[in-house]
Amino acid sequence: MKRFVLLALVLVSVGGCKPPVTYTDKEVAAVWGDMALHVSKATPSNSPTYAARAFGYIGLTMYESVVHGFPEYQSLEDALNGVDSFPVPETGKTYHWPLCLSAGQAAIIKYLYPQAQESTVRQVDSLEREVNDFFLEKLQDTALVRRSVAYGQAVAGAIFAWSQTDGGHRGYLRNFDKTYVPPVHPGGWQPALYSQSFSHDPLHPHWGSNRTFLAANAAIPKPDFIPRDTTPGSPYYEQFRLVYEKGNTLTEEEKQMAVWWGDDPGETFTPGGHSYYLATLALRKTQPEMIRWAETFARVGLSISDAFVVCWKWKYHFFTERPNTFIPKYIDVEWESFWPDPPFPAFPSGHAIQSAAAATVLTDLFGEPFSFTDYAHVGRPPDGLRNVTFKARNFTSFWQAAEETANSRFYGGIHLPHDNAVGQSLGVQIGQHVNALPWRKPSSSVSIAP
Amino acid sequence: MNLSTLQRFLLFAGLVLKVFVSIAQIPPAGNAPFVDVTDSSGIQHQFKVYEGMFGGGICVFDMDNDGLEDVYLTSGMNDDQLYRNLGNGKFQLAFEGSGLELTRKYVTLGVAGADVNRDGWVDLFVTTLTSRVNPPDIPRARNLLFLNQGNGKFVDATEAYGLADLYSFSTGISFGDVNADGWPDAYVGNYFLAYEGELTYISDATIAGSNQTAKGYLLINEGGQRFRDAFQEYGLQHRGFGFGALFTDYDNDGDPDLLVNHDFGYKAFPSLLLENRFPRKRFRDVSVATGFDLKINAMGAAIGDLNEDGYFDYLVTNIKFNRMMMSQGKGKPYVNQAKELGMKTLAISWGANMVDFDHDGYLEVFVSNGDLNPYCTPMGNFYFENDKGKIVDRSVESGLKDYGIGRGSVVFDMDNDGDLDLLVVNQESVRPGYPVPSITRLYRNDAAKGAWLKVRLKGSEAESHGMGSRVILSVNGRRMMREIDGGGSSHLSQNSTLAHFGLGNATAVDSLIVVWTGGKKQVLVNVQVNQLVEVGEAKGDNPVSIWPMVVAALFVAGFGWLIWRRRKRASVGSID
């Protein structure tokens, strides 16, 4: 299994210079899942917010581009927020669904990542060409190939057109809004001094007003935050004291977790990408039919995308400070977090909400327990500053990985336990809403018990 | 001040109270060691940021060779300023009509001077972030080189010197004679990716890719005719968020090495120390071995042999805590001793100067502090007095604890009374209601008590102002050394190019040694104190250019002899 993962990664990284002899249907889904991850990592100025949104549309496009080939499944067009309709196949015509999938993925990735570097675009193009060439050779039916490619592209086009009105379109051009005036209140967020970003404006301050994929996710009620009280022993103070003490007593493994789940958008596929990557692991392990691959990517994509919108809504509503602001002021002037601060307010945690949302959908799809090994950062050079190496991590359930993701921010000294707990609870609700979408047709023959 | 600003200030006051002394505690006005003479000096300046926190700097240079050091100040979105020093602490604007008005078209940041064409007048190199007039979508612009005509006029030589196509978001500029040919070379720090020429087509991809780290420019001066970027040729490979570099001979081998400041060193490329392999055209990266691979937000640096071990020490400024990199002797890594020395105080620091302000023979440290626009909490400057080797924080008593948004700072003897005065750039606060005025300030030094000596170098083969050369004094059994500042020091700035020494109660200097760039030495004995000494470079062969050749010749001869012997033996053996 591991060898297959590595092989796929190598193939992606060389842009398909060495085409495999064959593609099974599900392998087409697999390589495009990898490509989405690759593009999110290789594109400059990416952000966790924008990348999650892209995974949402890329996953949904994969699902919608093949759903009509599987009679027990149905389009989500009526269940999603503000969709008119998605293209349907011409009746009486046949389609080759892996080709629809491939063409749709290539198109939507390029639509959503026009800021990708030329070399990255070439990798997308060559993968698409390779898949097309393989099936053209195999099917020996030019008309079928053309029709299938056109259909995949039409689905991607429709989804992209709809995406342009959600508030996040070309969001990478507005990462930091210079005109945004942050709220001022005691305990408010301050630009980081030990920062991940050279901007001192907060990232995507209006992202929380973006349209969610599911209306239900926008309607999740406001969470509670702990009232600010700088008195030692108060619940608020205690939260920071826990971070402070953890920071002073980090074990080797906790340091590894803090670095592993950092998922910096400048160097990796972003935190949401890590969840999308876990989906590829589960799919490679279980090898379901192609539609389940598409459904899995769609479910994870929708859940992490909505998770970041909901998260950003409350982040900018509460606009809370990070431990790096509170602790030097009230506990220890020399204290500094293990991991640098991201450029946005703390509550609730983005890592916690997106990983909980993804774990909720992945558990629903693949069950519990489910063991897997996360190789996401294996092979990266060691983190010299923190003296930490990247070692593969083993898990027995998706929830265990989600817990670790959230805790890793606490170990990193950039989130309170409360930021994580509330993030997780919001994430679970978001994941449940995604699970409850009408993925399957309400088939009477199936649902009526004898 | 409106209510929200007041609230905001009070909120921040928690941090300020704990770390910095409260703003209410205004430094004593009476007999402070330093007196703010900004108002009476005629200098009126404030740096205005383009966006974010960058800038600005000051260059101290004698524009008209009248023995009074003048100053050029960059201003970002405001107009730059050139002040002619009239003596007695008075300055007069000399910008209008100088030819430097061209800088108005650009967002300027750093500045340094050197006699680029060796005509005897110090020329100016001004770095820019972008254009002020019709700025491109991706902020970039050419830097500007002005040749000093000596009559108060400067001529734009950017194009003529081959610099017009270097489209960059540049920060610090420093001069150093990398190849010891007497023509000042330069290093320019770039913060974001640079381009060759103006971008004609801009796509989302170009914009998204534009905030990537950048290479610097290593500009080799070709006979005073033009500059050529030799970054790769010299084996340089780094790409960082550059804040410029400082040419300094850290290893005492007579050639300028390069200390490169990088912002976000913990995330992108760390800071660097590059050893000049002159006479080879090569820099060797010795960052890790020397401990200079600083993973910090390196903003600037000050230089001085604080521990008097014959090697320079370097204060590297940073966000939160500065690094006081102390030499440990030849070949040993430097160690950050900011905490041990009592200089680990929280602030956001930019400019720094390490000089003997009070003339007791020991180096003081001044640090210019200021928050990151647009969210600015007032934070005062640092003044660390050196009481015979013991550092004492006298920020409050010094009269230097201004709460403006400080950036570059320079020292020079503005009134020619023998001691070093201080000029500090401050930024305008982007958001209104900053609680104190944040303007550039000139401080007259009234702290100096002891004897002093100033040394002006005049290179004939070395760079004409002795840039990068070293002056070493032996006095009362102590050894003091200074390096002539080529710019890129403090933050985006250049101090006086005169070597300055405080000498306590000494009446004469036992010996004064000049080590010119290239390694040639010159000795003066029994120099009287309290004067400015001019040392002209004596003609003679440059020892560095000969010795490697001699060594190489010996090596080749020896190796040839070995081979000859082996061959002989082998041929003898084959008979057996």
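Only a predicted model underlies this, so the values are computations on that prediction, with no experimental measurement involved.

Draft legend 1. Quick look at the overall build of chain B. From N to C terminus, chain B includes seven helices and 36 strands. Going through the 576 residues of chain B one by one, you find that 55% of them count as buried. When contacts within chain B are restricted to residue pairs at least 6 apart in sequence, long-range pairs at least 24 apart make up 60% of them.

Draft legend 2. Looking closely at the overall build of chain A. In terms of helices and strands, chain A carries 16 helices and two strands. For 450 residues, the compact-globule estimate of 2.2 N^0.38 gives 22 Å, and the C-alpha radius of gyration of chain A, at 22 Å, lies within 12% of that figure. Along the longest, intermediate and shortest principal axes, the C-alpha atoms of chain A span 75 × 50 × 45 Å. Considering chain A as a whole, with its 450 residues, one finds that 52% of them fall into the buried category. In chain A, the proportion of contacts linking residues at least 24 apart, taken out of those at least 6 apart, comes to 86%.

Draft legend 3. Structural detail: the pairing of strand E35 (residues 521–528) of chain B. Residue and element names in this part refer to chain B. Sparse coverage of E35 is indicated by the burial of zero of its eight residues. Relative to E35, strand E34 (residues 508–515) runs antiparallel, the two being bridged by seven bridges. Paired with Val514 across the bridge in E35 is Gln522. Counting the residues that bridge the hairpin from E34 to E35 gives five residues, and of these Gly518 lies at a positive phi of roughly 110°.

Draft legend 4. Highlighting the environment of Gly518 of chain B. For Gly518 of chain B, the position within the fold is in the loop between E34 and E35. In this structure the C-alpha to C-alpha distance between Gly518 of chain B and Thr74 of chain B, which are 444 residues apart in sequence, comes to 32 Å.

Draft legend 5. Structural detail: helix H2 (residues 25–42) of chain A. Taking 1.5 Å as the rise per residue, H2 of chain A with 18 residues should run 26 Å; its terminal C-alpha atoms sit 26 Å apart, in good agreement. Burial of H2 of chain A is extensive: 13 of the 18 residues sit out of reach of the surface.

Draft legend 6. Highlighting the pairing of strand E12 (residues 217–222) of chain B. Residue and element names in this part refer to chain B. Direction of pairing for strand E11 (residues 185–196) relative to E12: antiparallel, over a ladder of three bridges. Note on E12: the bridge partner recorded for Val188 is Tyr217. Judged from the four bridges that link them, E12 and strand E13 (residues 226–229) form a sheet pairing that is antiparallel. The residue of E13 that forms the bridge with Leu219 is Asp229. Connecting the antiparallel pair E12 and E13 is a turn made up of three residues, with Gly223 showing a positive phi of about 60°.

Draft legend 7. The nonpolar core, seen in detail. One finds Ile58, Cys59, Leu259, Ala301, Leu315, Met354 and Val365 of chain B to be the most contacted residues of the largest nonpolar core, which totals 153 residues. Ile58 of chain B has contacts with Val71, Tyr72, Leu73, Gly408, Val410, Leu423, Val425 and Ser493 of chain B, leaving out every residue within four places of it along the chain. Counting 121 residues, the second-largest nonpolar core is a separate cluster that includes Phe55, Trp293, Ala294 and Phe370 of chain A.

Draft legend 8. Up close: the environment of Asp25 of chain A. Checked against the element boundaries, Asp25 of chain A lands in helix H2. Sequence-wise, Asp25 of chain A and His96 of chain A are 71 residues apart; in three dimensions their C-alpha atoms are separated by 9.7 Å.

Draft legend 9. Quick peek at the interface of chain B and chain A. Each partner contributes to the interface: chain B provides 30 residues, whereas chain A provides 24 residues. Elements with a contribution of two residues or more to the side of chain B that touches chain A: helix H1 (3–19), helix H3 (204–209) and strand E20 (319–320) of chain B. Looking at the side of chain B that touches chain A, the element that brings in the most residues is H1 of chain B, giving eight residues. Among the residues forming the side of chain B that touches chain A, the class breakdown is 15 nonpolar, seven polar and eight charged.

Draft legend 10. Inspection of helix H9 (residues 252–260) of chain A at higher detail. If you check which residues of H9 of chain A are buried, you get Gln256, Met257, Ala258, Val259 and Trp260 of chain A. Residues of H9 of chain A that are buried in the fold lie against strand E2 (393–395) and helix H14 (398–411) of chain A.

Draft legend 11. Quick look at unusual backbone geometry. Cis geometry marks the peptide bond from Glu368 of chain A to Pro369 of chain A; its omega dihedral reads -5°. In this fold, Pro369 of chain A is placed in the loop between helix H13 (350–366) and strand E1 (372–374). With an omega of 5°, the peptide bond running from Gly55 of chain B to Gly56 of chain B counts as cis. In this fold, Gly56 of chain B is placed in the loop between helix H2 (38–41) and strand E2 (58–61). A positive phi angle is found at His204 of chain A, which is not glycine, with a value near 40°. Non-glycine residue Asn134 of chain B carries a positive phi angle of around 45°. Mapping Asn134 of chain B onto the fold places it in the loop between strand E7 (123–131) and strand E8 (144–148).

Draft legend 12. Structural view of the sheet that holds strand E18 (residues 300–304) of chain B. Residues and elements named next belong to chain B. Spatially, four strands are ordered E18-E19-E21-E22 in an open sheet, and the strand pairing comes out antiparallel. With one partner strand each, in any of the chains shown, E18 and strand E22 (335–336) form the two edges of the open sheet. As paired elements, strand E21 (residues 323–326) and E22 share two bridges and run antiparallel to each other. Its bridge partner being in E22, Met325 is matched across the sheet by Asn336.

Draft legend 13. Layout of the packing of H2 of chain A against helix H11 (residues 290–318) of chain A. Residues and elements named next belong to chain A. Between H2 and H11, whose axes approach to 8 Å, the crossing angle comes to 20°. By the criterion of interaxial angle, the relationship of H2 to H11 is roughly parallel. Along its contact with H2, which presents Asp25, Lys26, Ala29, Ala30 and Gly33, the element H11 presents Met290, Trp293, Ala294 and Phe297. A class-by-class count of the residues in the contact of H2 with H11 yields six nonpolar, one polar and two charged.

Draft legend 14. Looking closely at the sheet that holds E20 of chain B. All names here are of chain B. The strand order across the open sheet formed by five strands is E20-E23-E24-E25-E26, and the pairing between neighbours is antiparallel. Each edge of the open sheet carries a strand with a single partner, namely E20 and strand E26 (390–393). One ladder, built from three bridges, connects strand E24 (residues 364–369) with strand E25 (residues 382–387); its direction is antiparallel. Each bridged residue has a counterpart across the sheet, and for Val365 the counterpart in E25 is Phe384.

Draft legend 15. How the structure looks around the confidence of the model for chain B. All names here are of chain B. This prediction gives chain B a mean pLDDT of 91; 88% of its residues lie at or above 70. Within the model, pLDDT remains below 50 along residues 1–28, and this stretch shows 41 contacts once partners closer than five positions in the same chain are excluded. In this model, residues 570–576 is a region of pLDDT below 50 whose contacts with residues beyond four sequence positions or in other chains number zero contacts. In the predicted complex, the global pTM is 0.88; the interface-specific ipTM is 0.86.

What counts and what doesn't
- Here the residue numbers are simple positions, counted from 1 along each chain's written sequence.
- Chains carry letters from A onward and ligands carry numbers from 1 onward, assigned in written order.
- Totals for whole chains, interfaces and linings use every residue, but because this is a predicted model, local features are given only for residues with pLDDT of at least 70 and side-chain atom pairs only at 80 or more, for both listing and counting.
- Secondary structure elements follow DSSP: runs of H or I no shorter than four residues count as helices, runs of E no shorter than two count as strands, and numbering proceeds from the N terminus.
- Exposed residues have 12 or fewer other C-beta atoms within 10 Å of their own C-beta, buried residues have 20 or more, and residues in between are partly exposed; the C-beta atoms are placed from the backbone.
- Here the contact rule is simple: place C-beta atoms from the backbone, and any two residues whose C-beta atoms are within 7 Å are in contact.
- In this treatment the radius of gyration is a C-alpha quantity, and the globule benchmark scales as 2.2 Å times the residue count to the 0.38 power.
- Note: two strands are recorded as paired if DSSP finds a minimum of 2 bridges between them.
- Here, expected helix span is obtained from the residue count minus one, scaled by 1.5 Å.
- Think of a nonpolar core as buried Ala, Val, Leu, Ile, Met, Phe, Trp, Tyr and Cys residues, each tied to the set through C-beta atoms within 7 Å.
- Under this grouping Gly is polar, as are all residues other than the nonpolar Ala, Val, Leu, Ile, Met, Phe, Trp, Tyr, Cys and Pro and the charged Asp, Glu, Lys and Arg.
- Here an angle of 0 to 180 degrees is reported between the N-to-C directions of two axes, which are lines fitted to C-alpha atoms, with helices fitted over the stretch in contact.
- An angle below 35 degrees is read as roughly parallel, one above 145 as roughly antiparallel, one from 65 to 115 as roughly perpendicular, and any other as oblique.
- pLDDT expresses how confident the predictor is about each individual residue, on a scale running from 0 to 100.

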